[in-house]
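A closer look at the structure
Below, each chain spelled out in residue letters.
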Amino acid sequence: MKARLTTAVLASAFALGVTLAAPANAKVEGDTIILGSAISFTGKYSTNGIHAKNGYELGVKKINEAGGVTVGGKKYKLKVQYYDDESTPLRTAQLLERLVNQDGVKYFLGPYSSATTKAAAPIMEKYKVPMVEAEGASRSLFNKGYKYLFAVLSTSEQYLASSIELAAEIAEKNGKKASDVKIAMAFENDPFSLDVRAGVLEDAKKYGMQVIIDDKMPRDLNDISATLTKVKALKPDLLVLSGHSKGAATAARQIKELQIDTPMIAMTHCEAAKITSKFGEATNDILCPTQWAETLSYKDDLFGTAADYDKLFKATYEGYKNVPYQSAQATAAVQVWADAFERANSFDVEKVRDAIAATDMQTFYGGIKFSEAGNNVAKPMVLRQIQNGAYNVVAPSKWASHPVNWPRKAPTN
Amino acid sequence: MVLVAAPVFNVQLLLDGLFIGATFALAAYGLALVWGVMNVKNLAQGDFVIMGGYIAWWLGTQGIHPLWGLPIAIVVMFAFGWGIYVTIIRRVIDKDLFTSLLATFGLAIVIAQLLNLMFGPEVQTAESDFAIRQILGVVTVAEIKVLAFVLCGILALAVVIFMKKSRMGQAIRATAQDPRAARVMGIDTDKVYAFTFSLNAAICGAAGALISMIWVIQPFYGISYSIRSFVIVTAAGFGNLPGVIMAGLGLGVMENYSGFVLGAEFQQATVVGLLLLVLIWRQVQQRKLRQVVS
């Protein structure tokens, strides 16, 4: 009787122990480390959300194939647990809570877009769990003092700032002063694009350039002909635009239609909007910033060069003509995790977080080193120009593979 | 100001405004029809437009010239409208205002999400491959825009003649005046409603097909066309076709001017602001007519 009671007590104590221990185990199941991510498989961010997921998966696959991550002398595999956030920030926050509370995940990869990352950051702070994100570039993510958010990509205010520098260089080469340059700007009225605008304004001010048009475009951006007519009337030296893919598509279409002859045009999201295939020659000589290009000479031991990554990605996933930088940076985020686990040599969340903060590595995607605020300060934004339908790196000069075409050939009919 | 110094830019703004205003007027006319005849305020109006756009664009990707998308969009959207009437609108038509608003709002969300699932969230544009002409030195006119303008005119004319001359058109107008009397006279009002709603969907489809060729479309752009249609119909009053056309064209031109003068961020605000002015002005006008009944 007594023996049976003891067994029962022991059994229930054991059961209780297992229940209590469950969340702690869930983040590392057997020899697998689980990373969590709520990312967009449906809704308006779905295209890029899936690009990012493919990037994560390729990173995980390659790291696992190379033997995995060594922690405490033991090899561990990586695995990502996903939820679909339906492209809504509210859902991102809910799902991350669920990953932390119900699934016991303690290590996170980011969602896609600044808006959803903005919803994610406070959750990470609340539970003191680190997130390495690759797809939220808004600088407002990095001025709130977040301690658990790290980003491998360049922040949004750097996106088009390099075009200002290039415009200044060209002006001086032509015997003019940088302060003579007149700029026209059109940015979508959303957090990301306004960040890009802030960076442009800052750099324009540095050179004393004049901003003669400063339009903010609405969210349902299907017509900017009024703004472009203004550009025609006021003849700026540089036109900068940003409004995600829809802005790029609308702008490229109407630049062609209104035959805008500004000598230099820079805009974001050229590739995502596929403007070269849609609008052909009219897009020649447009400048497009990018986080990463496969022609850059970055490299690491796992993937080799940027070009090697490009090849591997295309071989792994069907239907990609170009590898989106969204995928490359997602892969880099997984590399940061693997590196941090090994350096921390522990699964203790705080130790791993500190290891991430101390990251200083070279990858095929570029250097990664986080500032106090969590953004990557080791990798510059590069500027490419569409030259005969191909994207060639033209600035900064250290990475340039082709000289810049200036003035731009205006589309004619 | 630039517009005074270089008056030629007025031509550009005016033309662009008129060209796009014509498609607004078309979509708004459909709304006026449904609103006036059935008293249903169709919040999915803009999504019907976008659907028409996707039909033309999709045919374009299949190697069929998007201009052929125009008649096809009209036919497909007519059938779609009939289906929606039978499944949804018939059930809410005699309910209160709120029910029909909710039902069509739900419909708008479903259409946008379905388009997103089918075609993805990217911005699309149907290439018509027409030339772009230059007039007066700096003014550019895309031939497709002129063509779209003319087609809008033809379609509007066709609808007017249809409403005036055909039996169905007469039945629609009779039902709009007094549905009960129309029923007494032997008009099958249910069929009239179904036809009106389908006709509206077809008109929207046509407008959408044109918009996909002159602008860009995206699954979630419907709402802005719904808003514009409501603004136009509210300003012009339903049953007032010349008013709707004028308001539509005026809206297109105003949008372009306010975008030029005030900046793109004020483009839509101006439109709604203008609506407010029209409503206040009307109120004042009508107050003069109002009398105390003792």
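What you see is a predicted model; the values in this text were computed from it and never measured.

1. Let's talk about the overall build of chain A
When helices and strands are tallied, chain A shows 12 helices and 18 strands. Its C-alpha atoms give chain A a radius of gyration of 24 Å, within 12% of the compact-globule value 22 Å for 413 residues. Here the C-alpha coordinates of chain A stretch approximately 100 × 40 × 40 Å along the principal axes. Relative to its full complement of 413 residues, chain A shows a buried share of 55%. Within chain A, contacts between residues separated by at least 24 positions form 67% of all contacts whose residues are at least 6 apart in sequence.

2. Thoughts on the overall build of chain B
Each helix and strand counted, chain B has 12 helices and 2 strands in total. Against the globule reference of 19 Å for 294 residues, chain B gives a C-alpha radius of gyration of 20 Å, in line with a compact fold. Each of the three principal axes of chain B carries a C-alpha extent, and together these read 60 × 55 × 35 Å. Across chain B, contacts joining residues at least 24 apart in sequence account for 75% of those joining residues at least 6 apart.

3. Observations regarding the interface of chain A and chain B
If you look at the interface, chain A gives 32 residues, while chain B gives 33 residues. Elements supplying a minimum of two residues to the side of chain A that touches chain B: α2 (46-65), β9 (210-217), α7 (225-234) and α8 (244-257) of chain A. Residue contributions to the side of chain A that touches chain B peak at 8 residues, all from α7(A).

4. Notes on the confidence of the model for chain B
All names here are of chain B. Counting all residues, the mean pLDDT for chain B is 89, and 97% of those residues have values of 70 or more. Averaged over each element, pLDDT in chain B is lowest for helix α1 (residues 2-5) (67) and highest for helix α3 (residues 45-61) (95). At the level of chain-chain contacts, confidence expressed as ipTM amounts to 0.83, with global pTM at 0.79.

5. Notes on helix α5 (residues 161-173) of chain A
Residues and elements named next belong to chain A. For α5, with 13 residues, the first-to-last C-alpha span of 19 Å sits near the 18 Å given by 1.5 Å per residue. Residues of α5 that are buried include every one of A161, S162, S163, I164, L166, A167, A168 and A171, and no others. Positioned one or two residues after α5, G175 has a phi angle of 75 degrees, which is positive.

6. Thoughts on the confidence of the model for chain A
Here chain A averages 89 in pLDDT, and 93% of its residues register 70 or above. Note on residues 16-26 of chain A: pLDDT is under 50 here. Beyond four places in sequence and across chains, it has 6 contacts.

7. What to know about the pairing of strand β12 (residues 287-290) of chain A
Residue and element names in this part refer to chain A. Because side chains alternate across β12, one face comprises the buried residues L287 and P289, and the other comprises C288 and T290, equally buried. In this structure, β12 lies alongside strand β17 (residues 382-387), joined through 4 bridges in antiparallel fashion. Note that in β17 the partner of C288 across the bridge is R384.

8. What about the packing of helix α2 (residues 8-38) of chain B against helix α11 (residues 241-261) of chain B?
Between two packed helices, what matters for the description is the angle formed by their axes and the separation of those axes. Residues and elements named next belong to chain B. Interhelical geometry of α2 versus α11 gives an angle of 140 degrees and a closest axis separation of 7 Å. Relative to α11, α2 is oriented oblique. As for how α2 packs across α11, the hand of that crossing is right-handed. Class assignment for the residues of the contact of α2 with α11 results in 18 nonpolar, 6 polar and 2 charged.

9. Quick look at the nonpolar core
Counting 223 residues, the largest nonpolar core has L26(B), A206(B), L210(B) and I232(B) as its most contacted members. In terms of residue count, the dominant contributor to this core is α2(B) (19 residues). Taken domain by domain, this core gets at least three of its residues from each of domain 1 (23-154 + 295-369) and domain 2 (158-290 + 382-395) of chain A. Once residues lying within four places of it in the same chain are set aside, the contact partners of A206(B) are L26(B), G52(B), L70(B), A73(B), I74(B) and L155(B).

10. Observations regarding the packing of α5(A) against helix α6 (residues 191-207) of chain A
All names here are of chain A. Where α5 meets α6, the closest approach of the two axes is 8 Å, and the angle between their N-to-C directions is 25 degrees. In terms of orientation, α5 and α6 fall into the roughly parallel class. In this structure, α5 crosses over α6, and the sense of that crossing is right-handed. Here α5 contributes A161, I164, E165 and A168 to the contact with α6, which in turn contributes G199, V200, D203, A204 and Y207. Considering only residue class, the contact of α5 with α6 consists of 6 nonpolar, 1 polar and 2 charged.

11. Notes on α2(B)
Helical geometry note: an α-helix holds 3.6 residues per turn, so side chains three or four residues apart project in the same direction. Residue and element names in this part refer to chain B. In this model α2 runs 45 Å from its N-terminal to its C-terminal C-alpha over 31 residues, within 8% of the 45 Å that 1.5 Å per residue would give. Summarising burial for α2: 25 of the 31 residues are buried, a large majority. Where α2 ends, the next residue or the one after it, N39, has phi of about 55 degrees, a positive value.

12. Considering the domain arrangement of chain A
By convention, interface size is frequently given as the accessible area that disappears when the constituent parts associate. All names here are of chain A. Along its sequence, chain A is carved into domain 1 (23-154 + 295-369) and domain 2 (158-290 + 382-395). Centre-to-centre, using C-alpha coordinates, domain 1 lies 31 Å away from domain 2. Of the residues in the side of domain 1 that touches domain 2, the class split is 5 nonpolar, 6 polar and 1 charged.

13. Here's the deal with the environment of L13(B)
Summarising the element assignment, L13(B) is placed in helix α2. Sequence spacing of L13(B) and E255(B) is 242 residues, and the spatial spacing of their C-alpha atoms is 9.3 Å. The residues touching L13(B), leaving out its near neighbours within four places in the chain, are A226(A), T229(A), N256(B), Y257(B) and F260(B).

14. Some points on unusual backbone geometry
Residue and element names in this part refer to chain A. The omega torsion of the bond from A395 to P396 falls at -5 degrees, within 30 degrees of zero and hence cis. Counting through the fold element by element, P396 comes out in the segment after β18 (390-395). With an omega of -5 degrees, the peptide bond between W406 and P407 qualifies as cis. Topologically, P407 is positioned in the segment after β18. Here the phi dihedral of S87 falls at roughly 65 degrees; this positive angle occurs in a residue that is not glycine. One can find S87 in the loop between β4 (74-84) and α3 (89-101).

Cut-off values and rules
- Residues numbered from 1 in each chain as written.
- Chains lettered and ligands numbered in written order.
- Predicted model: local features only at pLDDT ≥ 70, side-chain atom pairs only at ≥ 80, totals over all residues.
- Helix = DSSP H or I, 4+ residues; strand = E, 2+ residues; numbered from the N terminus.
- Rg over C-alpha atoms; globule rule 2.2 N^0.38 Å.
- Buried ≥ 20, exposed ≤ 12 C-beta atoms within 10 Å, placed from the backbone.
- Contact = placed C-beta atoms within 7 Å.
- pLDDT = per-residue confidence, 0-100.
- Expected span 1.5 Å × (residues − 1).
- Pairing = 2+ DSSP bridges.
- Axes fitted to C-alpha atoms, helices over the stretch in contact; angles between N-to-C directions.
- Parallel < 35°, antiparallel > 145°, perpendicular 65-115°, else oblique.
- Left-handed = near helix turned anticlockwise from the far one by under 90°.
- Nonpolar A, V, L, I, M, F, W, Y, C, P; charged D, E, K, R; others polar.
- Core = buried A, V, L, I, M, F, W, Y, C linked by C-beta atoms within 7 Å.
- Domains from an automatic or database assignment.

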